[in-house]
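Residue-level listing of the chains:
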Amino acid sequence: AVIGLAVGYGRSVFERFVGSLRSTGYAGSIILGIAPDASDGIRSYLSENNVTTKEVRVVKKDGCTYYNTMTVDGIPSTRQVCSEEYPDYKIQWGRFPLSRDWLNECKDCTDGVM
């Protein structure tokens, strides 16, 4: 399975990413986290290419547990966002538990993961 977080990208990015996977002959599972407001064109393209989509709601400020504190890596958390599902993790780290959840939900994902 190939799993990724792809919130906020235009259709051309999905076409390059998914298109390059499918053009190599990869027929396995692709699971992508996308924005709830992703366009119908993006959703259609992903569906046509057998991509499983998961909506990821990105939140700021009061939605994130550690908003307005200094993070361990020295980045002021006022510039951080998190997912609604994992408010204790900035989105850069929160993608890992999201991916774990999606992988656990995938009945066809029984081999390697990228």
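The shown structure was predicted, so the numbers you read here are calculated from the model rather than taken from an experiment.

A. View of the sheet that holds strand β3 (residues 51-55). Strand order in the open sheet made by the three strands is β1-β2-β3, with parallel pairing throughout. Each edge of the open sheet carries a strand with a single partner, namely β1 (2-5) and β3. Between one strand axis and the next, the sheet turns through 20 degrees on average, direction left out of account. As paired strands, β1 and strand β2 (residues 30-34) are joined by four bridges and run parallel to one another. Its bridge partner lying in β2, leucine 5 is registered against glycine 33. Helix α1 (residues 11-23) contacts β1, β2 and β3 of the sheet and is inclined by roughly 170 degrees relative to β2.

B. Structural detail: the state of the cysteines. This model, assessed by the stated rule, comprises two disulfides. Disulfide pairing places cysteine 64 opposite cysteine 82 at an S-S distance of 2.1 Å. The sign of the S-S torsion, about -105 degrees, decides the handedness of the disulfide formed by cysteine 64 and cysteine 82: left-handed. Taken together, the residues span a long stretch of sequence, with cysteine 64 in the loop between β4 (58-59) and β5 (82-83) and cysteine 82 in strand β5 at a distance of 18 residues. An identical accessibility class is assigned to cysteine 64 and cysteine 82; each is buried. Note on cysteine connectivity: cysteine 106 is disulfide-linked to cysteine 109, with sulfurs 2.1 Å apart. The chirality of the disulfide connecting cysteine 106 with cysteine 109 is right-handed, given an S-S dihedral of about 75 degrees. Relative accessible area serves as the criterion here: at 15%, cysteine 109 is assigned to the buried category.

C. Geometry of the pairing of β3. As paired strands, β2 and β3 are joined by five bridges and run parallel to one another. Bridging from a neighbouring strand, glycine 33 pairs with lysine 54 of β3. A crossover links β2 with its parallel partner β3, the connecting element being helix α2 (residues 40-48), and its sense is right-handed.

D. Representation of the pattern of salt bridges in the model. Tallied over the full model, the rule gives five salt bridges. Between glutamate 105 and lysine 54 there is a salt bridge whose closest N-O contact spans 2.6 Å. Note that glutamate 105 is positioned in helix α3 (residues 91-105) and lysine 54 in strand β3, a separation of 51 residues in sequence. Using a relative accessible area of 47% as the deciding quantity, one classes glutamate 105 as partly exposed. Taken together, the salt bridges that share partners define one network made up of Arg43, Glu55 and Arg57.

Scoring rules and cut-offs
- Residues numbered from 1 in each chain as written.
- Predicted model: local features only at pLDDT ≥ 70, side-chain atom pairs only at ≥ 80, totals over all residues.
- Heavy atoms only, no water.
- Pairing = 2+ DSSP bridges.
- Helix = DSSP H or I, 4+ residues; strand = E, 2+ residues; numbered from the N terminus.
- Axes fitted to C-alpha atoms, helices over the stretch in contact; angles between N-to-C directions.
- Contact = heavy atoms within 4.5 Å.
- Disulfide = S-S within 2.5 Å.
- Buried < 20%, exposed > 50% of the residue type's maximum accessible area, 1.4 Å probe, protein only.
- Right-handed = clockwise from strand over helix to strand, strands pointing away.
- Salt bridge = Lys/Arg side-chain N within 4 Å of Asp/Glu carboxyl O.

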